[in-house]
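# Structure assessment
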Amino acid sequence: EVAAHLPRLRTGSLGEVSFRTFVEEANKTLAAASRADKVLLPFCVDAKAIVQCLEGRSLRCTEFVARHMDLPEALPAVLRSLQENFNLEHLALEHFGLTHIQAEALGSFLSELQFAPALLELTGNPLCDDGIEKLVHSRALHRAQLISLGGTRMTMRGLASLASVLRRRCGETFGRGL
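Please read all numbers here as calculations on a predicted model, not as lab measurements. Within any chain, residue numbers begin from 1 and follow the written order of that chain's sequence. It should be noted that, the model being predicted, local features are given only for residues of pLDDT at least 70 and side-chain atom pairs only at 80 or more, the latter also being counted only at that level, while totals for whole chains, interfaces and linings use all residues. Note that water and hydrogens are dropped before the side-chain values are worked out from all heavy atoms of the structure.

## Topic: the overall build of the protein chain
Our working definition: Secondary structure follows DSSP: runs of H or I at least 4 residues long count as helices, runs of E at least 2 residues long count as strands, and numbering of each begins at the N terminus. Burial classes follow relative accessibility: with a 1.4 Å probe on protein chains only, a residue under 20% of its type's maximum area counts as buried, one over 50% as exposed, and anything between as partly exposed. Only heavy atoms enter the contact rule, under which two residues are in contact if any of them lie within 4.5 Å. Accessible surface area values rest on a Shrake-Rupley calculation with a 1.4 Å probe, where residue burial reflects the displayed protein chains alone.
In terms of regular secondary structure, the protein chain is built from seven helices and five strands. Residues classed as buried in the protein chain amount to 43% of the 178 residues present. When contacts within the protein chain are restricted to residue pairs at least 6 apart in sequence, those whose partners lie at least 24 apart make up 75%. Roughly 9,800 Å² of accessible area belongs to the protein chain as shown, and the carbon and sulfur atoms make up 54% of that amount.

## A word on the sheet that holds strand β4 (residues 119-121)
Under the convention used in this document: A pair of strands counts as paired when DSSP detects no fewer than two bridges linking them. Note on definitions: angles span 0 to 180 degrees between N-to-C directions of axes, and those axes are lines fitted to C-alpha atoms, for helices only across the stretch in contact.
Across the sheet, which stays open at both edges, the five strands sit in the order β1-β2-β3-β4-β5 with parallel pairing between neighbours. At either end of the open sheet lies a strand with only one pairing partner, and these are β1 (38-40) and β5 (146-148). Between one strand and the next, the sheet's axes are offset by a mean angle of 10°, whatever the strand orientation. Where β4 meets β5, three bridges bridge the pair, whose relative direction is parallel. Residue pairing for β5: Leu 120 is matched across the bridge by Ile 147.

## Brief notes about the pairing of strand β3 (residues 90-94)
Using the following cut-off: Classification remark: right-handed applies to a crossover when, strands pointing away from the viewer, the course from the first strand over the helix to the second runs clockwise.
By the criterion of burial, β3 is predominantly enclosed, with five of the five residues buried. Neither face of β3 is open: one carries His 90, Ala 92 and Glu 94, the other Leu 91 and Leu 93, and all of them are buried. Examined bridge by bridge, strand β2 (residues 63-67) and β3 share five bridges and lie parallel to one another. Bridge pairing links Arg 67 to Glu 94 in β3. Chirality of the crossover, the property in question, places the unit of β2, helix α4 (residues 75-82) and β3 among those that are right-handed. As a crossover connection, the stretch from β3 through helix α5 (residues 100-112) into β4 is right-handed.

## Some points on helix α3 (residues 47-54)
Residues separated by three or four positions in an α-helix point in the same direction, a consequence of the helix having 3.6 residues per turn. To keep things clear, this is the line we draw: Here, the arc refers to the directions that run from the helix axis to the C-beta atoms.
Residues of α3 that are buried include every one of Ala 47, Ala 49, Ile 50, Cys 53 and Leu 54, and no others. Summarising the axial view, the buried residues of α3 lie within an arc of 160°, below the 170-degree limit, and thus occupy one face. Exposed residues on α3 whose side chains face more than 90 degrees from its buried face are Lys 48 and Gln 52. A positive backbone phi angle near 75° is found at Gly 56, which sits one or two residues after α3.

## What about the confidence of the model for the protein chain?
Using the following cut-off: Scored from 0 to 100, pLDDT reflects the predictor's confidence in each residue.
Scored by pLDDT, the protein chain has a mean of 80; 75% of the residues are at 70 or more. Mean pLDDT in the protein chain bottoms out at helix α1 (residues 2-11), which sits at 44, and peaks at β4, which reaches 95. Low pLDDT, under 50, characterises residues 1-14; the predicted model gives this stretch 17 contacts beyond four residues in sequence or across chains.

## Here's the deal with the packing of α3 against α4
Put simply, the rule is: Put simply, angles under 35 degrees are roughly parallel, angles over 145 are roughly antiparallel, angles from 65 to 115 are roughly perpendicular, and the rest are oblique. Crossing handedness follows the turn of the near helix against the far one: under a right angle anticlockwise gives a left-handed crossing, and clockwise gives a right-handed one. Each residue gets one of three labels, nonpolar for Ala, Val, Leu, Ile, Met, Phe, Trp, Tyr, Cys and Pro, charged for Asp, Glu, Lys and Arg, and polar for the others, Gly among them.
Their axes nearest at 9 Å, the elements α3 and α4 cross at an angle of 25°. With respect to α4, the element α3 is oriented roughly parallel. Read as a crossing pair, α3 and α4 show a hand that is left-handed. Listed contacts from α4 to Ile 50, Val 51 and Leu 54 of α3 are Ala 77, Val 78 and Ser 81. Looking at the contact of α3 with α4, its residues break down into five nonpolar, one polar and no charged.

This is the structure we're talking about:
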């Protein structure tokens, strides 16, 4: 339902549906997510609604996707809800407003998962070098097969940190006789 309203929202032609109604409906759809294959946070969901809906819930999904939402304050609730998830294969927190401050919590979460996501998308978050280094030092990036870090304001310093992960991964791959 939410996806059907997005084109009308972008063009401003919601018809009888007001923006407030649209946001309220998007917030309600979040409450239904618990054991779906894919949890996609609808655009315009309020951070308080995310925290309220996820509080005390354990999500068991293969994909958790939140894009273009500046909601770093909702990250602790998201991570708590995914903490016991052994199915998570794809974690996308793109343009989520994550900085080096949230990188430590994210890194800790990812390194403590029994099965780390194969695909980690953090594009568009202003993590900077400090955030990248925190993720590298937490060993959060070591198990992912594909990591998307475009637009994270990483410089050569952050890239040097990532190089250590890549060297280790390449050594393991070639050591097993690719």
